[in-house]
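Results of the structural survey
Each chain, written out:
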Amino acid sequence: MNRTKPPPAAAPAKPPPAKPVSGAGRSGAPKPQGVSKPQGVSKSQGTPRSQGTKPGGATSASPAERRLSGIAISEGVAIGAVFGAVEPEIEPPRRRIQAADIEAERSRLDAAITQSKKQLVKLRARLDMLPEESQAEIAPLIDAYLQMLGPSRLTRTMRQRIEEGLVAAETAVHDTGDAMAAAITAMADEDGKGGEQRASARRHADEVREISRRLIRNLTRQPFRSFTALPAGAVLVCEYLRPADVALLDPARLAAVAADEGGADGHTAIMLRALGVPAVLGVADLTAAAPPGTLAVVDGGKGEVILNPTPATLAEARRAVTGFARQRQQWARLKRLPAITTDNQAVELQANLELPAELPLIAQAGAAGIGLLRSEFLFMNRERMPNEDQQAEIYRGIIEAMGGDPVTIRVLDWSGEKEIDALVAEGLVPDLPPVNPALSVRGLRLLLRQPELFETQLAAILRAANAGPVRVLLPMVTTIGELRRAREVFERVVRRLRRRGERLPEPLPPLGIMIETPAAALSADALALEADFFAIGSNDLTMYTLAVDRGEAIVASLYDPLHPAVLRLMQFAIEAALLLRKPVSVCGELAANPKFTPLLLGLGLRSFSMNSSAVPRVKQAVRGVSAEACARFARRVMEQNDSSLIDELLSEFAEANE
Ligand code: PEP
Ligand code: MG
């Protein structure tokens, strides 16, 4: 079976290894940080080992080849030396406070303690996924950390230091951690304790430092930015990669990406796919097994990472690299051919855009415009929110680059997963991520609560829309009231811009909605009366329908867009749109899998938006089928109630039409 979702055997998530070859996640993130094994670890493991690696991959000690499986994220095979992304040392700026600020700083410290505890509890809950020896090693460590975060001398002293030293919470944490760790080691040395006891004291001191680091990361939300040292052609290996981290990667310098954590359809996965970098996520034990410098083969299509490949494996991998390049060339030939079915039904194949770096890829793929511009990138990795002029310039640049092809700009879809520091810095979202970010204030909910943010973005889009055809897309709609309120804001912005004497396109850009919640899908008949178009977001629709976190490796095998419940919701929404002749497209990851194309065509869809590298493959699938046969096929599929059977039907249909 070859599905977009990982096979059930996909490696489950595991708590990060007992080493600070740390993931790119940071403590402000909803993803927990790893538990660093305190003793004897170096913080400077970020560059590949240059010694000991012979050409051809065998190291001087000739370590055995090791195959690790994970979740196939982004196709392609790459060979390179492992670069372990390390977390930077945290040295918070020293900050003094006034007596009046003591309470506020204590509350900040309490919030960071609560957040740290939550992260650790989450990690502990995942321990049973690990081999027994690792569990035995890590569990007591997590318990020790939790104890220290309780009513301990450590936390008491930190609070005291805020009050007595009149310093900010992070300064108090840093100073207390350092002083206490130093005192523990000094005491053991002074007492002339034996080697075993001294080692134990050193371990305890390291635990104290580790807890301080965690608290400081949670207090300062310090972004991870250590990719500048990434050598060309390296395989980036880390525990966890946030979408904001991917935005910092240069695909031209990177051979591949592999991480311990992550799911098939989380935003990290989507962005890696968008960059066209071979990638595997959810590889249990990876960072522990792959020290920097290890030669690795990453097969993003199979979801496999091979460490220390034998010469035979290496030769095979080199053939796969060449084979994949050849296949890309074949697909490139499809670029100029139209996307039409054998019975002449035209199909619109557009690209999703997550980062401006993808623009050349979109042109190469022959996509007919941008069907989903995820505007989050504009707001990531910066300290202040971009203003109207800055945003307008970026949108205009993209619209102009599309040379008259339509661009659908989705307004900011913030959620806990897509961390945007500037939003926190400007007080637009709470400092602490909500308990359940997916069900909290995200997407349109945030924009309606923060009208200035919404109005600024709409104004920028409207101004840029003079440069070419644009549509505006609203994320995470659940009620018709939200759509109405959003339209009021849209119209208010139009009036304001006109009063300001701005030239606006005529007609104005259509205002559409994402169908990505079961509520929106089941209200699609009513929503279609008021929305100008629908874009079906199968990623979130699957997540919310099946109650499965799309970014979590541990439940990845349950994430199934072919579940009849998901398909029925999609069918209902498509039919509602078609009935009222409203444009409807699908822009989730489902759209990128050519195996699903006949079913989606059969359900009535004629517009797809996907990562640009998938456009040629989907075009090939479109050109190989008749719309009529697809409609018959879809009727058969929709009678099924078992997704594995549906999957088989899809495979059979695809094979028969190859
Ligand atoms: C979706 O949910 O399917 C979608 C396209 O939006 P995103 O992946 O950005 O949440
Ligand atoms: Mg979505």
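Going by the structure above, here's the rest.
Quick notes on the rules
- Residues numbered from 1 in each chain as written.
- Chains lettered and ligands numbered in written order.
- Predicted model: local features only at pLDDT ≥ 70, side-chain atom pairs only at ≥ 80, totals over all residues.
- Heavy atoms only, no water.
- Helix = DSSP H or I, 4+ residues; strand = E, 2+ residues; numbered from the N terminus.
- Buried < 20%, exposed > 50% of the residue type's maximum accessible area, 1.4 Å probe, protein only.
- Contact = heavy atoms within 4.5 Å.
- Areas by Shrake-Rupley, 256 points an atom, 1.4 Å probe, with all protein chains shown as cover.
- Near = heavy atom within 4 Å.
- Polar contact = N/O pair within 3.5 Å; in protein donor to acceptor, adjacent residues only side chain to side chain.
- Donors = N, O, S within 2.8 Å, 3.2 Å for Na, K, Ca; no water.
- Expected span 1.5 Å × (residues − 1).
- Arc of directions from axis to C-beta.
- Patch = residues over 30% accessible without salt bridge, like charges linked within 9 Å, V, L, I, M, F, W, Y side chains within 5 Å.
- Salt bridge = Lys/Arg side-chain N within 4 Å of Asp/Glu carboxyl O.
- Lys, Arg positive; Asp, Glu negative; His and termini not counted.
- Charge placed at Lys NZ, Arg CZ, Asp CG, Glu CD.
- Pairing = 2+ DSSP bridges.
- Axes fitted to C-alpha atoms, helices over the stretch in contact; angles between N-to-C directions.

**Regarding the overall build of the chain**
Scanning the chain from terminus to terminus reveals 23 helices and 16 strands. For the chain, with 658 residues in total, the buried portion stands at 57%. In the chain, once contacts between residues fewer than 6 apart in sequence are set aside, the share between residues at least 24 apart is 74%. Of the roughly 26,100 Å² that the chain leaves accessible, carbon and sulfur atoms contribute 51%.

**As for the site of ligand 1**
If you check the shell around ligand 1, you find 16 residues, and the closest are Arg374, Arg410, Gly537, Asn539 and Arg550. A distance of 2.9 Å is found between an oxygen atom of ligand 1 and a side-chain nitrogen or oxygen belonging to Asp540. Side-chain polar atom of Arg550 to an oxygen atom of ligand 1: 2.6 Å apart, as the coordinates give it. Notes on ligand 1: free accessible area 280 Å², of which the protein chains cover 100%.

**Comments concerning the coordination of the magnesium ion (ligand 2)**
Around the magnesium ion (ligand 2), the protein supplies Glu516 (OE) and Asp540 (OD) as donor atoms, at distances of 2.0 to 2.1 Å. Here Glu516 is found in the loop between strand E13 (511-515) and helix H16 (518-522), whereas its partner Asp540 is found in helix H18 (residues 538-546), with 24 residues between them in sequence. Of the two residues, Glu516 and Asp540, neither departs from the other in class, the shared state being buried.

**Details of helix H15 (residues 480-499)**
Every α-helix winds through 3.6 residues per turn, so residues three or four apart in the chain are directed the same way. For H15, built from 20 residues, the straight-helix expectation of 28 Å at 1.5 Å per residue is met to within 8% by its first-to-last C-alpha distance of 29 Å. Residues of H15 that are buried: Glu482, Leu483, Ala486, Val489, Phe490, Val493, Val494 and Leu497. Down the axis, H15 shows its buried residues gathered within 140° of arc, on one side only. The elements touched by buried residues of H15 are helix H11 (388-401), helix H13 (444-449), helix H14 (451-464), strand E12 (470-474), E13 and helix H17 (524-530).

**Details of the environment of Ala346**
Take Ala346: it is sitting in the loop between helix H9 (311-333) and strand E9 (348-353). The exposure class assigned to Ala346 is exposed, which follows from its relative accessible area of 56%. Counting along the chain gives 277 residues from Ala346 to Arg623, while the straight-line C-alpha distance between them is 9.7 Å. Non-local contacts of Ala346, meaning those with residues more than four positions away in its chain, are made with Ala339, Ile340 and Arg606.

**So, a negative patch on the surface**
Residues Asp642, Glu648, Glu652, Glu655 and Glu658 make up a contiguous surface patch of negative charge. Its place among the elements puts Glu658 in the segment after helix H23 (643-656).

**Brief notes about the pattern of salt bridges**
For the structure on display, the rule yields 31 salt bridges. Lys302 serves as the salt-bridge partner of Asp299, at 4.0 Å between the closest nitrogen and oxygen. The partner of Arg463 in a salt bridge is Glu388, with the nearest N and O atoms 2.6 Å apart. Linking Arg463 in helix H14 with Glu388 in helix H11, this pair joins segments that are 75 residues apart in sequence. You'll find Arg463 and Glu388 in the same group, each marked buried. Each of Glu376, Arg410, Asp413, Arg442, Asp540 and Arg550 takes part in a single network of salt bridges with overlapping partners.

**Description of the sheet that holds strand E3 (residues 77-84)**
Ordered by their spatial adjacency, 8 strands build an open sheet running E1-E8-E7-E3-E4-E5-E6-E2, and the pairing between neighbours is mixed. Across the chains shown, the open sheet's two edge strands, defined by having one partner strand only, are strand E1 (66-69) and strand E2 (71-74). Sheet twist, expressed as the average angle between the axes of neighbouring strands with direction ignored, equals 30°. As paired strands, E2 and strand E6 (residues 279-281) are joined by 3 bridges and run antiparallel to one another. Pairing of Ala72 across the sheet is with Val280, part of E6. Strands in contact with helix H7 (residues 267-275) are E2, strand E5 (254-259) and E6; relative to E2, the strand with the most contacts, it is inclined by about 45°. Across the sheet, H9 touches E1, E3, strand E7 (295-299) and strand E8 (304-307), and the angle it forms with E3 is around 115°.

**Overview of the side chain of Glu388**
Accessibility expressed as a relative area gives 15% for Glu388, which makes it buried. Excluding its chain neighbours within four sequence positions, the residues that come into contact with Glu388 are Thr456, Ala459, Ala460, Arg463, Leu497 and Arg500.

**Digging into unusual backbone geometry**
Looking along the chain, the bond that leaves Glu506 and enters Pro507 is cis, with omega of -5°. Along the chain, Pro507 turns up in the loop between H15 and E13. A positive phi angle, near 45°, is found at Asn308, a position not held by glycine. Considering the arrangement of structural elements, one finds Asn308 in the loop between E8 and H9. We classify Asn308 as buried; its relative accessible area is 13%. With phi around 60°, Met476 is a residue other than glycine that occupies positive phi space. The topology assignment puts Met476 in the loop between E12 and H15.

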